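Listed below are the residues making up each chain.
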Amino acid sequence: MAEVIGVRFKNTGKVYYFDPDGKKVEAGGYAVVETARGVECGEIAMENRDVPDDTIVQPLKKLIRVATKDDMRRVAENEIKAKNAFVLCEKKIAERGLEMKLVDVEYTFDNSKILFYFTADGRVDFRELVKDLAGMFRTRIELRQIGVRDEAKMIGGLGICGRPFCCGSFLGGFQPVSIKMAKEQGLSLNPVKISGTCGRLMCCLKYEQEAYLDLLRTTPKVNAIVSTPDGKGVVIDQNLLTGKLTVRLDKNPDAAPGIYKVKDVKVIRDGQIKVNKKEIEEFKKLEG
């Protein structure tokens, strides 16, 4: 076992482990630590805790100090400078006529580097832009092209559910999302209904998938042949969350289908959930 603390550098970013170096810290405070890109100040997301050795990557970098008032003042100053740098960079992008969209600007804690995050449809030759920015700010410049999901996470907003973006509020990182998940969750394959503001499949399809798979193990699928209290029939619709099935009875196929609880039916032959090649090609861009 190893004693670690967890530090997060973004509001909803990944939590990284550091060696507390014998110091006790409290969650919610801030710490100055050494990272791969230099000295940084981040929020303490996890106080001192022992974790198995196989869950960490050695050697752990050590905590430098718990953030002081001067450290927090520098963080605030860096945020102001980042806003000013954003405006100046946008002007330079316009002057150069570059096909790119600036998303965010970030100063490292020690001001040794400024990172500019942008999106673009393809590759962008920004070498001259880097020279312009280096001349203006007299420090190291790094431009990073990010995807549309990262852009949504950085900017934030409200999803179609009316709540803040999952990626911008509590998800630490992105997981692959497939169109098969939408089918297994009984959603309409309508791009407007299953994609987020970023234009990709909604993140909630991934983290809710385990619960739906558990329900699918005990719920007859569409086209399953089942036995009901009123006779044999075919499942034409299912509601996994309410545990109810819509069944068309064989003895009276032209009548209105009946509604039955899962516990009241018995599966004779279950159905299958398939994603055909046409659907895969049609929604391939949403999975990116």
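Note that the structure is predicted; figures quoted are calculated from it, not measured.

Definitions and cut-offs
- Here the residue numbering is sequential within each chain, running from 1 through the sequence in written order.
- Predicted model: local features are reported for residues with pLDDT of at least 70 only, side-chain atom pairs are reported and counted for 80 or more only, and whole-chain, interface and lining totals are derived from all residues.
- Hydrogens and water molecules were not included; the side-chain quantities draw on all heavy atoms of the structure.
- To qualify as a nonpolar core, a set must consist of buried Ala, Val, Leu, Ile, Met, Phe, Trp, Tyr and Cys residues joined through side-chain atoms within 4.5 Å.
- The cut-offs for exposure are 20% and 50% of the maximum accessible area for each residue type, with area from a 1.4 Å probe on protein chains only; residues under the lower value are buried, those over the upper are exposed, and the others partly exposed.
- Only DSSP runs of H or I covering at least 4 residues are called helices, and only runs of E covering at least 2 are called strands; the numbering of each starts at the N terminus.
- In what follows, salt bridge is the name for a side-chain nitrogen of Lys or Arg lying within 4 Å of a carboxyl oxygen of Asp or Glu.
- Pairing between two strands is assigned when DSSP locates at least 2 bridges connecting them.
- Only C-alpha atoms enter the line fits that serve as axes; for helices the fit covers just the stretch in contact. Angles between N-to-C directions range over 0 to 180 degrees.
- Every residue pair with non-hydrogen atoms within 4.5 Å of one another is taken to be in contact.

Trainee: So what's going on with the nonpolar core? Which residues, and what values?
Mentor: One finds Phe116, Leu133, Phe137 and Leu143 to be the most contacted residues of the largest nonpolar core, which totals 17 residues. Put simply, the parts of the chain that give this core at least two residues each are helix 1 (69-96), strand 6 (101-107), strand 7 (113-119), helix 2 (127-137) and strand 8 (140-145). Among the elements that make up this core, the one with the highest residue count is helix 1 (four residues). Membership of the second largest hydrophobic core comes to 11 residues, among which are Val177, Met181, Ala182 and Phe283.

Trainee: Explain the pattern of salt bridges to me, and be specific about the residues and the numbers.
Mentor: One pass over the full model with this rule turns up 16 salt bridges. Here lysine 131 and glutamate 128 are joined by a salt bridge, their closest N and O atoms 3.5 Å apart. Here the residue lysine 131 and the residue glutamate 128 both occupy positions in helix 2, the gap between them amounting to three residues, near one helical turn. A residue is classified by how much of its surface remains accessible, and lysine 131, at 54% relative accessible area, is exposed. Between glutamate 142 and arginine 144 there is a salt bridge, with the nearest N and O atoms lying 2.6 Å from each other. What emerges from the salt-bridge pattern is a single network uniting Asp21, Lys23 and Lys62.

Trainee: Lay out the sheet that holds strand 13 (residues 266-269) in plain terms, naming residues and giving numbers.
Mentor: Taking strand neighbours across the sheet as the criterion, the five strands line up as 12-11-10-9-13 in an open arrangement whose pairing is antiparallel. Edge positions in the sheet fall to strand 12 (258-261) and strand 13, since each of these pairs with one other strand and no more. Averaged over all pairs of adjacent strands, the angle between their axes in this sheet comes to 45°, without regard to strand direction. Pairing of strand 11 (residues 244-249) with strand 12, which is carried by four bridges, proceeds in the antiparallel orientation. The residue bridging valine 247 from the neighbouring strand is glycine 258, located in strand 12.

Trainee: Explain the sheet that holds strand 6 to me, using residue names and the numbers behind them.
Mentor: Here we have three strands laid out as an open sheet, ordered 6-7-8, and mixed in their pairing. Both outer strands of the open sheet, strand 6 and strand 8, are each paired with one neighbouring strand and no more. Looking at each pair of strands side by side, their axes are set apart by 20° on average, direction ignored. The pairing of strand 7 with strand 8 spans six bridges and is parallel. If you follow tyrosine 117 over to strand 8, its bridge partner there is arginine 144. Taken strand by strand, helix 2 contacts strand 6, strand 7 and strand 8, and its axis lies near 140° from that of strand 8. Packed on one face of the sheet, helix 3 (residues 148-155) meets strand 6 and strand 7 and runs near 60° to strand 6.

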